[in-house]
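Letter by letter, the chains look like this.
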Amino acid sequence: MARVSTRRVVFERVTILLITILFLLPVFWLISTAYKPSNQIFSAPPRLTFEPTFDQFRQAFAIFDVVSLVRSSLVISIGTTVLSLLLGVPAGYALARSKSRFAPGFAYFFLAIRMIPAIAALIPFYLLMRDIGLLGTWWAVIVFNTMLNCAFVTWMMFSYFKALPPDMEEAALTDGCTQMGAFLKVAVPTVRSGMIACALFCMMFSWNDFLHPMFLTTLDAKPISVALLTAYGTKDITWGTLGALAHFSTIPIVLMALFMNRYFVQGATNGVQ
Amino acid sequence: MAQISFENVSKTYPGGKAAALVNFNLNIKDGEFIVLVGPSGCGKTTALRMIAGLEDISGGTLRINDTVANEQAPRDRDIAMVFQSYALYPHLTVAENIAFGLKVRGIKTDVIAKKVRETADLLELTEFLDRKPARLSGGQRQRVAMGRALVRSPNAFLMDEPLSNLDARLRGQMRAEISRLQRMTAVTTVYVTHDQVEAMTMGDRVAVMNKGTIQQLDTPRRLYDKPANMFVASFIGSPPINFMEAAVVSHDGGPAVSCGDFLLPLGISGARLSPRIGGKVILGIRPEHLKVAPQSRSTGVLSAETSFVEDLGATLLLHMSGHGIAIGHANMVEDERDLMKTAPKLKALIDSSHRISRGDAIALTVDPSLVLFFDPETGVTL
Ligand SMILES: Nc1ncnc2c1ncn2[C@@H]1O[C@H](COP(=O)(O)OP(=O)(O)OP(=O)(O)O)[C@@H](O)[C@H]1O
Ligand SMILES: [Mg+2]
């Protein structure tokens, strides 16, 4: 390996650090407001030193049912992710292994579904959910997000499976597997990194999604993203309270990303050749 | 143990222009080692995948042990296949790769463990059992692929160019190893290769294929000595055989062939050419059958000029142009381009004790009984 000059390393590190600070500054500001007394939040110039306080958290817990909000968010995003993968992975596999010459066209059609503005589908979907009695529940959002994400997962997994030579599945067939066995025991584990990428994508999309649950859920099924954004501008809710609440909307998804990322890297370095 | 037979099997791929297999007939006996050999695209892999059940059969009948297998699922055939790419399961360790087929078939864990250990011992894989395939060398992967097939004691082994990704030395080693394992287990084996050395050294019988049909199915010895046609003659043997167009003439009351200023009396070995006196014939002379003669312009001596010498160590490979001798008469051969490429010059393989260099004039003789004759119209051996 060529030795990289120290000066260059320092330069790179400093650049990365500056960019990271630039991106994290708003987040830091939001987080820090949660620990400031209300009267110091808008002090100009901003004060870098302050007496940390947990008042804002107390306030947040008093106004919001934080546990229920986080639970809603978790149920909606995990539900969407699981359903999307459950449908999208086999669909992508079927398209990738199909001998029909229409299969790739089909896969791109699925990608196109993901491209349509979700809001165009929201009104008819709203009416549909109302008619079957799911409106206002977690299910309404899960089904809607699954509809969007599953199309994307299908297309993604189509590409992953397409890149996978069919030899291994054929080896599994001669080794005594059924078609289904070859899919579950060989194809699926081999594209694990792709599946984790899809899962991360679905998870983040649903976790941060505001618009759909805003329309499709009622008070008791409301996720934290909706609570956070609708609270903004309300008279008796301060920036500090929002900062405290923002903790609960960022920390779980960051943890989840870190957790899955570990598997992602592991999966990616797992392949042969 | 299994007999496998193809009866008039054909295959046309959807969208494929020419048929990949045409009227393919092959009877593989129980315990036999059959090699399918032929140029790229001749349908070897297609035939092999049909036996495994991985390829649909367009027409004809495939029988495994006297039952029609055309529609049988791969797992009901109990046949093990070694893929050219090895197709190891990347997410499983070597031990799990080898055990996979047994586990799928619901064999008890302790039995599996024992079999895996035995197979690993046999293939010297014991120290790698816990590794993933990504961390193995090409030769080790190849052995894992072999192990995965061996451990199951299947009805038949199918191998698709299993050695083509290995370096020359390892290839030689594994060639002997596979032959040994096959003799030991006596499991019917179909081995695909385009390497004629593998075909000659490994097969009980070798099927030489071209354009989806079998040109000749025979023992390696007979393929070399008595090829059925020009295609087989040119495919078997390395360096490839020399073809030259010659006239059949009468000489001292017997048949002889004449080609430029080379006149070869045939003696008794030419009796079958007597009816053709006055006609044309294609001669096939293997480079290793040409011998250096004392320089002279007598009958039976072929004089030529060396245009290029390859020193192979024990032997010299001479590339020569003969006086008035047309080499490699291509229009009689199935695959014209192949022959034009492989035999544009007269080739001779001689002992390296001869001191011959570029530009030297050289005289060669050949034992007439070793010369092959082909019909110029059909390319069939006379
Ligand atoms: N999936 C496919 N679709 C269309 N045509 C195919 C397909 N697979 C093979 N063919 C064609 O069928 C013919 C035989 O192919 P096959 O793979 O059996 O050749 P091969 O003898 O194994 O060649 P090689 O030595 O290069 O592996 C070729 O002309 C090839 O182009
Ligand atoms: Mg092939």
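Everything numeric here is computed off the predicted structure, so don't read it as measured data.

Rules used in this analysis
- Residues numbered from 1 in each chain as written.
- Chains lettered and ligands numbered in written order.
- Predicted model: local features only at pLDDT ≥ 70, side-chain atom pairs only at ≥ 80, totals over all residues.
- Heavy atoms only, no water.
- Pairing = 2+ DSSP bridges.
- Helix = DSSP H or I, 4+ residues; strand = E, 2+ residues; numbered from the N terminus.
- Buried < 20%, exposed > 50% of the residue type's maximum accessible area, 1.4 Å probe, protein only.
- Core = buried A, V, L, I, M, F, W, Y, C linked by side-chain atoms within 4.5 Å.
- Contact = heavy atoms within 4.5 Å.
- Buried area = accessible area lost by both parts, 1.4 Å probe.
- Salt bridge = Lys/Arg side-chain N within 4 Å of Asp/Glu carboxyl O.
- Polar contact = N/O pair within 3.5 Å; in protein donor to acceptor, adjacent residues only side chain to side chain.
- Axes fitted to C-alpha atoms, helices over the stretch in contact; angles between N-to-C directions.
- Domains from an automatic or database assignment.
- Near = heavy atom within 4 Å.
- Areas by Shrake-Rupley, 256 points an atom, 1.4 Å probe, with all protein chains shown as cover.
- Phe/Tyr/Trp six-rings, centres within 6.5 Å; stacked < 30°, edge-to-face > 60°.
- Lys NZ or Arg CZ within 6 Å of the ring centre and 35° of its normal.

Enquirer: Explain the sheet that holds strand S5 (residues 67–68) of chain B to me, please; I cannot follow it from the model alone.
Expert: Note on sheets: strands pair through backbone hydrogen bonds, and any given pair is parallel or antiparallel. All names here are of chain B. Spatial ordering of the open sheet is given by S2-S1-S4-S5, a layout of 4 strands whose pairing is antiparallel. Only two strands of the sheet have a single partner each, and these edge strands are strand S2 (21–28) and S5. Judged from the 5 bridges that link them, strand S1 (residues 4–11) and S2 form a sheet pairing that is antiparallel. Of the residues in S2, the one forming a bridge with Val9 is Phe24.

Enquirer: What's the story with unusual backbone geometry in this structure? I'm lost.
Expert: Glycine aside, a negative phi is what most residues show, and trans is what most peptide bonds show. All names here are of chain B. In the segment running from Ser238 into Pro239, the intervening peptide bond is cis, with an omega of -5°. Phi at Ala87 is positive, roughly 50°, even though this residue is not glycine. Relative to the elements of secondary structure, Ala87 occurs in the loop between strand S6 (79–82) and helix H3 (94–104). When its relative accessible area of 5% is taken as the criterion, Ala87 is described as buried.

Enquirer: Honestly, the nonpolar core in this entry has me stumped. Any pointers?
Expert: One recurring pattern in soluble globular proteins: nonpolar side chains tend to sit buried together. Ranked by internal contacts, the top residues of the largest apolar core, which has 84 residues, are A:Val89, A:Phe161, B:Phe6 and B:Leu36. Broken down by element, this core gets its largest block of residues, 9 residues, from helix H9 (residues 192–208) of chain A. Residues in contact with B:Leu36, not counting those within four places in the same chain, are B:Leu26, B:Lys44, B:Ala47, B:Val190, B:Tyr191, B:Val192, B:Thr193, B:Ala207 and B:Met209.

Enquirer: Where do I start with the interface of chain A and chain B in this structure?
Expert: One frequently used descriptor of interface size is the decrease in accessible area upon assembly of the parts. Counting residues at the interface gives 19 residues for chain A, matched by 24 residues for chain B. Summing both partners gives a buried area of about 2,000 Å² for chain A against chain B, and 60% of it is carried by carbon and sulfur. Counting across the chain A and chain B interface gives 2 salt bridges. Notably, a salt bridge pairs A:Glu170 with B:Arg49, separated by 2.7 Å at the nearest N-O pair. The tally of links between chain A and chain B comes to 9 residue pairs in polar contact (both at pLDDT 80 or more).

Enquirer: What is the right way to read the sheet that holds S6(B) from this model?
Expert: All names here are of chain B. Strands sit in the order S6-S7-S8-S3-S9-S10 across an open sheet of 6 strands; the sheet is mixed. Edge positions in the sheet fall to S6 and strand S10 (213–218), since each has one partner strand and no second. Mean inter-strand twist for the sheet, computed between neighbouring axes without regard to direction, equals 15°. Bridging between strand S7 (residues 156–160) and strand S8 (residues 188–193) involves 5 bridges; their strand directions are parallel. Looking at S8, one finds that Met159 is bridged to Tyr191. In the packing of helix H1 (residues 44–52) onto the sheet, the strands contacted are strand S3 (33–37), S6, S7, S8 and strand S9 (205–210), and the crossing angle to S7 comes to about 150°.

Enquirer: Explanation requested: the side chain of B:Thr306 in the structure shown.
Expert: Residues and elements named next belong to chain B. Note that Thr306 resides in strand S16 (residues 302–311). For Thr306, the side chain forms a polar contact with the main-chain oxygen of Asp360, separated by 2.6 Å. The residues contacting Thr306, other than those within four sequence positions of it, are Leu318, His319, Met320, Ile356, Ser357, Arg358, Gly359, Asp360 and Ile362.

Enquirer: Would you explain the domain arrangement of chain A in this entry?
Expert: All names here are of chain A. Considered domain by domain, chain A is made up of domain 1 (6–54) and domain 2 (58–270). Measuring from the centre of the C-alpha atoms in domain 1 to the corresponding centre in domain 2 gives 32 Å. Of the residues lining the interface, 9 residues belong to domain 1; the matching set on domain 2 comes to 8 residues. For the pairing of domain 1 and domain 2, the buried interface totals around 750 Å² over both sides, and the portion due to carbon and sulfur atoms is 69%. At the boundary of domain 1 and domain 2, one finds 0 salt bridges. The tally of links between domain 1 and domain 2 comes to 2 residue pairs in polar contact (both at pLDDT 80 or more).

Enquirer: It is not clear to me how the side chain of A:Thr33 should be interpreted in this structure. Could you clarify?
Expert: All names here are of chain A. Tracing the sequence through the fold places Thr33 in helix H1 (residues 6–33). Separated by 2.4 Å, the side chain of Thr33 and the backbone oxygen of Leu30 make a polar contact. The contact partners of Thr33, leaving out residues within four places of it in the chain, are Ile41, Gln56, Trp239, Gly240 and Gly243.

Enquirer: I'm lost on the site of ligand 1 in this one. Help?
Expert: Residue and element names in this part refer to chain B. In the region of ligand 1, the neighbouring residues are Tyr13, Ala20, Ser40, Gly41, Cys42, Gly43, Lys44, Thr45, Thr46, Glu161 and His194. Side-chain polar atom of Lys44 to an oxygen atom of ligand 1: 2.7 Å apart, as the coordinates give it. Within the side chain of Thr45, an N or O atom sits 2.5 Å from an oxygen atom of ligand 1. When ligand 1 sits alone it has 630 Å² of accessible area, and the protein chains cover 58% of it.

Enquirer: Would you mind showing me how to read the packing of aromatic side chains here?
Expert: Any aromatic ring pair is given by two values, namely how distant the centres are and how the planes are angled relative to each other. Counted under the stated rule, the structure contains 21 aromatic pairs over all chains. Considering the side-chain rings of A:Tyr35 and A:Phe57, the 5.5 Å spacing of their centres and the 45° angle between planes classify their relative orientation as tilted. With A:Tyr35 in the loop between H1 and helix H2 (55–63) and A:Phe57 in helix H2, the pair connects residues that are 22 residues apart, well separated along the chain. According to the relative accessible area criterion, A:Tyr35 is partly exposed, its value standing at 23%. What makes A:Phe57 buried here is its relative accessible area of 13%. Residues A:Phe109 and A:Phe110 carry aromatic rings whose centres are separated by 6.3 Å and whose planes lie at 70° to one another, so their mutual orientation is edge-to-face. With relative accessibility at 49%, the residue A:Phe109 sits in the partly exposed group. Judged by relative accessible area, which is 22%, A:Phe110 ranks as partly exposed. Pairwise contacts between aromatic rings join A:Tyr35, A:Phe54, A:Phe57, A:Phe61 and A:Phe248 into one cluster. Positioned over the ring face of A:Phe205 is A:Arg114, at 4.7 Å from the centre of the ring. The ring of B:Tyr89 is capped by B:Arg148, whose NZ or CZ atom sits 4.5 Å from the centre of that ring.

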